[in-house]
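Here are the chains, one letter per residue:
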Amino acid sequence: MTAKKKLPIGVQSFREIRESGYYYVDKSGYAVDLAEQGKYYFLSRPRRFGKSLLVDTLKELFSGSRELFAGLYAEDHWDWSVSHPVLLFSFAGGVLGSVKALENSLIEQLTYAEEDWEISMRFPEIRSRFKQLIRQTHEKTGRQVVILVDEYDKPILDAIADREEAARVRDVLRDFYSVIKDNDAHIRFAFLTGVSKFSKAGIFSGLNNLRDLSVSPKYSAICGYTEGDLETVFAPELPGLDRTAVREWYDGYNWLGESVYNPFDILLFFAEGTIAPYWFESGTPTFLIKLMLERGVFTPSLDQTVASEMLLSTFDVDSMPLEALLFQTGYLTIDRVEHMAGARFFHLRYPNQEVYQSLNVCLAGAFLNDPGRENQLRLNLLRSLQSADFAALEAHFRALFAAIPADWHRKNAIAEYEGYYASVFYSHFAALGLDIRVEDATSRGRVDMTVLFEGRVFVFEFKVVELEPEGRALEQILARRYADKYLDPGRPIHLIGVEFSRKERNLCAFEVRSLAPPPAGQNG
C-alpha cells in the first residue's frame, strides 16, 4: 500500500503542493492541451473547485518551472526551452464589492507586476497602465506575455446585492479586460476563470474572442476529482470507506463529460472521516436563497429544470435567470442534453446528496425566517415519520405554517397558490435527505409527492380551498388509486390528503388512510 501524503486542503500553490509532499491530481495534460490548441480561454466553475490551482499550474508551466512537473504529463510534452512572462491577476481574496475597492486592488496588482518586470509607470489611469505593462513586458523580455485572471467576476458578485454598484463594478472590469483584445500581438495566451458566465454583451463586450470551456465535454473534468483519481491518487485514503455513500454525497458534478467530485468536500472528508456538507457550509448562498423566495420558485421541481443554452449564458447584473445562477454556482448540474431545432437544451438536476439536502435545509429555514426553529421542526418531523404518528405529523405542519411570518405572505405572490404550500412541505422533507418522488406518474395521474422512508410509503396530495375543508385531496388519492404502484408485500402505505385554507394560511384538513401491505405473492 502506498504511503499516505498530506491533504492539500486550501492549498492553491502548485509549487507548494509539488515540493511539500501533498497529494496532487495531475491536470498538466489539460494545461498543455490548452496552450497548444488555442490562445484565449474562459472557464466557469463553482467556488472551491480548484480553479485557482489550475491557474497557478498554468503560471508555472509558462514560466518554465520544469522541476515542478517531474513525473507529470507535461514533463515530456512541453517545450521547456521557451518561457514566457506571466501577468497574474486574482480577485479571490477579500471583499471587492465597490468600485473603490476594485480600483485599489487593480492598482495594487499592477504596481506589483510593474515592480516584478521593472516597468516604469507612465500613465496613472488603470486601463493605460495595463496596456503599457503588457507591451513593455513583451518588449523587455522578447517574449509574448501570458495573462491569467483568477475569479474574474468576484468583484461583481461581491456587490450583487446592490445592482447599481454591481453594474459600476462590471463596467470597470469590462474596460480593464478589453485591453487584452486590443493587444493581441503582444499576448501568447490568456485564461480567465470565475464562477459566473457573464454574457458577452455585458462584461465581455470588449473581449468577445474567448473560447468558453464551461460546457465542453473534453474539459468536464479539468477541475475536480474523477472516480479514477480517487482509486489511484487517493488510494491510501480509501480502505474502510463506504464508497457508495461517498459517491452519493460528493460525486455527480457534470459539464457534458466525465462527472467529478468536489475536491474541497473530498479532502475534508478524508481529513475528518465523517460525511458532512463541507462545501455547502463553506459559503451559505444567502443571496441565492433570497432570490429564490422573491421569485417564488417551486422547490419540488428544482431538479427537473430544463434550460436552453442561451438562457444559461445570459447572466448579467441586470438579467439573472435563476436557472443560470443555480447552474453556475454549483447547486444544479447537467443531467443530460437534448438537441432540438438546432439548439441545445440542458436538463438539470441536483449534483449529489449534499446539495439536495443542504439547499433544502436553507430553503426550509428561509420560509420561517428562523433557522434555529427550523432545526427543531425538522427533528420533530423525523420522529413523527419514524413512529408513523400522524397526529404529531399534523400538529407539526400546523406549527410550521403558523410560524411563517405574516409579512412573508404579503410580500410573496406564490403564497396564495398551491405550489407555495407544496414547496414548504417538500423542502422540509428534503432537508432530511429523504427519498422523495414529486409529480410521480401513475396510470391514472400524477401524485403530488411520495415519500419513501424506512420501509413505509407516504403518498401526499395537496389542495388549496377557500376556508372550509372539502375532503378532495384524500378522495383524489383513493379515486385514482395512486397507491397501486407502491403495493408491495410487507410495506405499509399511508395516504395523506392535505388541504390548506387560503384565508387562514394554514392546514384546514389532514386526512390519513393507511393501507395494510398485501399478502405475500399478491401485488395490486
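For the structure, see preceding data.
Now for a quick tour of the structure. In this text the structure is predicted, and so the values were computed from the model without any measurement. (Residues numbered from 1 in each chain as written. Predicted model: local features only at pLDDT ≥ 70, side-chain atom pairs only at ≥ 80, totals over all residues. Heavy atoms only, no water.)

**Focus: the packing of helix H12 (residues 286-294) against helix H15 (residues 353-368)**
Then step 1. Packing of H12 against H15 brings their axes to within 10 Å, and their N-to-C directions diverge by 60°. Between H12 and H15, the crossing angle belongs to the class labelled oblique. Between H12 and H15 lies a crossing whose hand is right-handed. For the pair H12 and H15, contact is made by Ile289, Met292 and Leu293 and by Leu359, Cys362, Leu363, Ala366 and Phe367, respectively. (Axes fitted to C-alpha atoms, helices over the stretch in contact; angles between N-to-C directions. Helix = DSSP H or I, 4+ residues; strand = E, 2+ residues; numbered from the N terminus. Parallel < 35°, antiparallel > 145°, perpendicular 65-115°, else oblique. Left-handed = near helix turned anticlockwise from the far one by under 90°. Contact = heavy atoms within 4.5 Å.)

**Quick notes on the sheet that holds strand E7 (residues 333-340)**
Then step 1. Taking strand neighbours across the sheet as the criterion, the three strands line up as E6-E8-E7 in an open arrangement whose pairing is antiparallel. Two strands lie at the open edges of the sheet, namely strand E6 (306-308) and E7, each paired on one side alone. Strand-to-strand twist in this sheet, taken as the mean axis angle between neighbours without regard to direction, amounts to 30°.
Then step 2. Alignment of E7 against strand E8 (residues 343-349), held across seven bridges, turns out to be antiparallel. Within E8, the position partnered with glutamate 338 by the bridge is phenylalanine 345. (Pairing = 2+ DSSP bridges.)

**Focus: the nonpolar core**
Then step 1. Membership of the largest hydrophobic core comes to 162 residues, with the highest contact counts inside it found for Phe191, Phe401, Phe425, Phe429, Ile436 and Phe460.
Then step 2. Examining the composition of this core, we find that nine residues originate from one element, helix H7 (residues 163-182), more than from any other.
Then step 3. The contact partners of isoleucine 436, leaving out residues within four places of it in the chain, are Tyr356, Tyr426, Phe429, Ala430, Met449, Thr450 and Val451.
Then step 4. Counting residues in hydrophobic clusters, the runner-up holds twelve residues, among them Leu452, Val457, Val459 and Leu474. (Core = buried A, V, L, I, M, F, W, Y, C linked by side-chain atoms within 4.5 Å. Buried < 20%, exposed > 50% of the residue type's maximum accessible area, 1.4 Å probe, protein only.)

**A short note on the pattern of salt bridges**
Then step 1. Across all of its chains, the model carries 26 salt bridges by this definition.
Then step 2. Measuring nitrogen to oxygen at the nearest pair gives 3.5 Å for the salt bridge that ties arginine 15 to glutamate 67. On the criterion of sequence distance, the pair formed by arginine 15 in helix H1 (residues 14-19) and glutamate 67 in the loop between helix H3 (51-63) and strand E2 (86-90) is long-range, its members being 52 residues apart.
Then step 3. Close ionic contact of arginine 481 with aspartate 484 constitutes a salt bridge, the shortest N to O distance being 2.8 Å.
Then step 4. In this structure arginine 481 comes out as partly exposed when scored by relative accessible area, which is 40%.
Then step 5. Given the relative accessible area of 29%, aspartate 484 is considered partly exposed. (Salt bridge = Lys/Arg side-chain N within 4 Å of Asp/Glu carboxyl O.)

**A closer look at H3**
Then step 1. Its 13 residues place the ends of H3 18 Å apart at the C-alpha level, agreeing with the 18 Å of an ideal helix rising 1.5 Å per residue.
Then step 2. In terms of burial, H3 is a largely internal element, eleven of the 13 residues being buried.
Then step 3. Buried within H3 are the following residues: Lys51, Ser52, Leu53, Leu54, Val55, Asp56, Thr57, Leu58, Glu60, Leu61 and Phe62.
Then step 4. Those residues of H3 that are buried lie in contact with H1, helix H2 (28-37), strand E1 (40-44), E2, strand E3 (145-150) and strand E4 (187-194). (Expected span 1.5 Å × (residues − 1).)

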